[in-house]
Structures are given as structure tokens and as C-alpha cells.
Amino acid sequence: MRLGAVEAGGTKFVCAIGNEFGEILERSSFPTTTPQETLEQVITFFHQKKLDAIGIGSFGPIDLNTASATYGYVRNTPKLAWRNYHVLGHMKEHFSVPIAFDTDVNAAALGESTWGAAKGLDSCIYMTVGTGIGVGAIVEGKLLHGMSHPEMGHILVKPHHLDSFTGVCPYHGNCLEGMASGPAIEKRWNQKGAKLQASTEVWELEAYYLAQALMNYVLILAPKRLIIGGGVMKQEQLFPLVRQQLSELLQGYVSENQHFCNDLSTYIVPPALGDNAGVCGALALAKRSLVQG
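No experiment lies behind these values; they were computed from the predicted model shown. (Residues numbered from 1 in each chain as written. Predicted model: local features only at pLDDT ≥ 70, side-chain atom pairs only at ≥ 80, totals over all residues. Heavy atoms only, no water.)

Draft legend 1. View of unusual backbone geometry. Along the chain, Gly-60 connects to Pro-61 via a cis peptide bond; the corresponding omega equals 5 degrees. Tracing the sequence through the fold places Pro-61 in the loop between β4 (53-58) and β5 (73-74). Its identity as a non-glycine residue notwithstanding, Ala-222 has a phi of 50 degrees, on the positive side. Considering the arrangement of structural elements, one finds Ala-222 in the loop between α6 (200-221) and β11 (226-229). (Helix = DSSP H or I, 4+ residues; strand = E, 2+ residues; numbered from the N terminus.)

Here it is, written out as C-alpha cells:
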């Protein structure tokens, strides 16, 4: 198979050519500007590449209801130029191959499930913690959809009793994204997270919020692996802190589950595909569109 992949991020787009084994053969990236300008670069990249299918993992919110009049649209995004833009329709005007469309984090979850840290498992969660917080889920081998796609980055979290920060989310204030995203760290501490590596209190507080979210995901969806990526998680000291705080929150309630270890070291993990989780996930979407018809 010769597959096209688009990791459509709010900051940059990554386009790639790959195969059914998740191997990336060619790639390009460019800043996300207006829909017309950005998608023109996507179309130029794929022009005359003789693809069998294309997968798109997009920032959101997006409409994934195939019965909806706005299926394939980016919906109520803070990026105003992209609001209510028909991304899938624009691509279909230029390519006659199957085009799969899903969220960027659902794509990453599928990529990790197919070739990465959740290979061989029929459930997992992929969380990205960066400019925003998004979460994708595989449940019983299928990407999780409902009336829309999950928005687990916007769940409410309990503020720490020593934290007076009110959050940065323009919709909910102190939701998970509002309290634990990269911009939240920067606004709370007046410095970017990359410059705060040695500050223990920064990462203990970050882990406090992330662990609350993971506890909810564990109790609601019971995933067999939690995979956390994104720029903030480049601070590798976060992983043991998150594992510890999740263990303390759960209080042994699900410890009988065979997928848990005492230190959660094989349960909460970084993406095995690294920074390629999203683009490989888009390849996996493209592959699935051919396999499933």
C-alpha cells in the first residue's frame, strides 16, 4: 500500500507518504495558516504521488457524524479562520482515493495501537499535553465516537488547595486543559515549562492535575494502557510523579486488574512512536479505510 498521512495540528501540518507497516518514506511540515493556504500546501505535497488512500488526523473540534450536513468540517475552534471549514470536502475535490478523517489524538491512539506502545491490546488511551490537551481512545478495538468525538481534555479537575490559578481555557477556565496545558504552565509560573525543569513544585502540581484526569479515564473506560505524549511530557520527570499520584488517588481500588503493576511503570508510558505518533496514526487511518472498505 502507498498511503498518505496528514497530521493537521493547530500550529503546524505534517504530511507524509508511508506504507501499511507504518514506515514513513517521505515527509514535509509547514505552519498552519489559513485553510486555503495550508491545504494548498497539502495538495501540492500529494500531487501525482499515486496514493491508495489518505488519512487525516485533525485538530478540533471536528464533525465525525457521517449523517451530519457538516461531516468533515472543523467546528467551533478558537482558530477563527478554520471555524466551520470543510476540510474533508476540500481534500475530496482534489483526490479520488478513500480519505479517512478523525481527530489528531484518535489517530495517534490508533497509531500506537497498531504499531506502538499499545500493539496487541484492544484498548488504550492516548493523551497529548502541549499547547492544548487532547485525548483519543481505543475501546474494544475501535476508535471511540459518540454524538461527537471525546473531548476528555476539557473535563473538570479539582483545583489544588494551594493553587489560586483560574485557568486559561477560554470556554471552561479551570478544566484540565485550562490548568495543565503548556500555556497554563507558562501563565501560572510566568515562564515556559522548558525553563522550569528544575522546579519540583511545578511538576508536582502538573502531575496532580494529570493524575486526576487519568483516574477518571481509568474508572470510566478501563483502558489497558495509558500513553501520554506532547511537548509538556518531554519533561520526563513527570512520568514517575503522575504514576505516584494516580496510585494514591486510586487507593488500590483497581489493583486486582492484571494490566496494573505496583508502580504503573508499564501502564502509563510515553508513545513508542515518539513524535511520529500522530503522522503514523494518520497512516493507520488510511490503511483502515482500505481494509474496512
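Structure's up, so let's keep going.
Draft legend 2. Inspection of the pairing of strand β9 (residues 133-139) at higher detail. The buried count for β9 comes to six of seven residues, which makes it a mostly enclosed element. With six bridges joining them, strand β8 (residues 124-129) and β9 adopt antiparallel strand pairing. Directly across from Tyr-126, in β9, lies its bridge partner Gly-136. The hairpin formed by β8 and β9 contains three residues between the paired strands. In this sheet, strand β10 (residues 142-143) lies alongside β9 in antiparallel orientation, the contact comprising two bridges. The residue of β10 that forms the bridge with Ile-138 is Leu-143. (Buried < 20%, exposed > 50% of the residue type's maximum accessible area, 1.4 Å probe, protein only. Pairing = 2+ DSSP bridges.)

Draft legend 3. Up close: the packing of aromatic side chains. For the structure on display, the rule yields seven aromatic pairs. Judged by centre distance (6.2 Å) and plane angle (85 degrees), the rings of Phe-46 and Phe-95 are edge-to-face. Taken together, the residues span a long stretch of sequence, with Phe-46 in helix α1 (residues 35-46) and Phe-95 in the loop between α2 (87-92) and β7 (99-103) at a distance of 49 residues. For the pair Phe-46 and Phe-95, one class covers both residues: buried. Pairwise contacts between aromatic rings join Phe-13, Phe-30, Phe-59, Trp-82 and Tyr-85 into one cluster. In this structure, Lys-49 is placed above the aromatic ring of Phe-45, and the distance from its NZ or CZ to the ring centre is 4.3 Å. (Phe/Tyr/Trp six-rings, centres within 6.5 Å; stacked < 30°, edge-to-face > 60°. Lys NZ or Arg CZ within 6 Å of the ring centre and 35° of its normal.)

Draft legend 4. The pairing of β11, seen in detail. Alternating positions in β11 separate into two faces, Leu-226 and Ile-228 on one and Ile-227 and Gly-229 on the other, with burial throughout. Bridge analysis of β8 against β11 gives four bridges, and the strand direction is parallel. Bridging from a neighbouring strand, Thr-128 pairs with Gly-229 of β11. Two strands pair when backbone bridges link them, and β11 and strand β12 (residues 268-269) are joined in this way by two bridges, in the parallel orientation. Residue Leu-226 lies in a different strand from β12, and its bridge partner there is Ile-268.

Draft legend 5. Here's a closer look at helix α5 (residues 182-189). Looking at α5, one finds that the buried residues are Gly-182, Ala-184, Ile-185 and Arg-188. Projected down its long axis, α5 carries its buried residues within an arc of 165 degrees, all on one side. In this structure, the buried side of α5 is in contact with α4 (176-180) and α6. The positive-phi residue at the C-terminal boundary of α5 is Asn-190, with phi of around 60 degrees. (Arc of directions from axis to C-beta. Contact = heavy atoms within 4.5 Å.)

Draft legend 6. Representation of the state of the cysteines in the model. The final tally for this structure, using the stated rule, is zero disulfides. Counting only cysteine sulfurs, Cys-175 is the nearest neighbor of Cys-169, a cysteine outside any disulfide, at a range of 3.8 Å. (Disulfide = S-S within 2.5 Å.)

Draft legend 7. Seen up close, α6. A rise of 1.5 Å per residue sets the reference length of α6, with its 22 residues, at 32 Å; its end C-alpha atoms lie 31 Å apart and thus fit the reference within 8%. Looking one or two residues past α6, Ala-222 carries a phi angle of roughly 50 degrees, positive in sign. (Expected span 1.5 Å × (residues − 1).)

Draft legend 8. The arrangement of the sheet that holds β9 in detail. With mixed pairing, the five strands of this open sheet are ordered in space as β10-β9-β8-β11-β12. In this open sheet, the two strands that pair with only one neighbour each are β10 and β12. Along the sheet, helix α3 (residues 104-115) contacts β8, β9, β10 and β11; its crossing angle with β9, the most-contacted strand, is approximately 45 degrees. (Axes fitted to C-alpha atoms, helices over the stretch in contact; angles between N-to-C directions.)

Draft legend 9. Broad picture of the packing of α6 against helix α7 (residues 238-250). Close contact between α6 and α7 brings their axes to 8 Å; oriented N to C, the two are set at 50 degrees. Here α7 runs oblique to α6, going by the angle between their axes. When you trace α6 past α7, the crossing you get is right-handed. Between α6, through Trp-203, Glu-204, Glu-206, Ala-207, Tyr-208, Leu-210, Ala-211, Gln-212, Leu-214, Met-215 and Leu-219, and α7, the contact on the second element is made entirely by Leu-238, Leu-241, Val-242, Gln-245, Leu-246, Leu-249 and Leu-250. Class assignment for the residues of the contact of α6 with α7 results in 14 nonpolar, two polar and two charged. (Parallel < 35°, antiparallel > 145°, perpendicular 65-115°, else oblique. Left-handed = near helix turned anticlockwise from the far one by under 90°. Nonpolar A, V, L, I, M, F, W, Y, C, P; charged D, E, K, R; others polar.)

Just distances and angles here, no functional claims.
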